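# Report on the structure
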Amino acid sequence: VQLVESGGGLVQPGGSLRLSCAASGFTFSSYIMRWYRQAPGKKRELVATIGVSGGSTTYADSVKGRFTISRDNAKSTVYLQMISLKPEDTAVYYCHTRVQLTNVWGQGTQVTVSS
């Protein structure tokens, strides 16, 4: 069971990024997927959640209207489209799921929003 994130980088305030998380080793289409983030010195926080079919999504208040989570079950990949990025969005972003009562995390991808 593996999750591999990509797509992070350095972006100016107001810019956009799309993160990807490729899953393997489990039946991706059967599991809820989540994106978390952790800023330096802060707790890891839940950013967005998507249901198994992609029709149900929820967001942290801090990212509503700016971030969009989506998934492609044929590609076993979940995405996080981020627009209007702010310096406070700077963090390591992690993909997450829970398979058979076990938390599964990716290695994380760094997003830095700075001019």
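Below you will find a few notes about this structure. (Residues numbered from 1 in each chain as written. Predicted model: local features only at pLDDT ≥ 70, side-chain atom pairs only at ≥ 80, totals over all residues. Heavy atoms only, no water.)

### Points about the pattern of salt bridges
Tallying each qualifying case throughout the model produces four salt bridges. Arg37 serves as the salt-bridge partner of Glu45, at 2.6 Å between the closest nitrogen and oxygen. Accessibility expressed as a relative area gives 32% for Glu45, which makes it partly exposed. A relative accessible area of 5% places Arg37 in the buried class. Note that Arg37 is salt-bridged to Asp89, the shortest N-O span being 2.9 Å. Here the residue Arg37 occupies a position in strand S4 (residues 33–38), and Asp89 occupies one in the loop between strand S8 (77–82) and strand S9 (91–99), the gap between them amounting to 52 residues. (Salt bridge = Lys/Arg side-chain N within 4 Å of Asp/Glu carboxyl O. Buried < 20%, exposed > 50% of the residue type's maximum accessible area, 1.4 Å probe, protein only. Helix = DSSP H or I, 4+ residues; strand = E, 2+ residues; numbered from the N terminus.)

### Brief notes about the pairing of strand S7 (residues 67–72)
Regular strands place side chains that alternate from one sheet face to the opposite one. Judged by which residues are buried, S7 turns out to be one-sided: Phe67, Ile69 and Arg71 face inward and are buried, whereas Thr68, Ser70 and Asp72, on the alternate face, are not. Here S7 pairs with S8 via six bridges, running antiparallel. Its bridge partner being in S8, Phe67 is matched across the sheet by Met82. (Pairing = 2+ DSSP bridges.)

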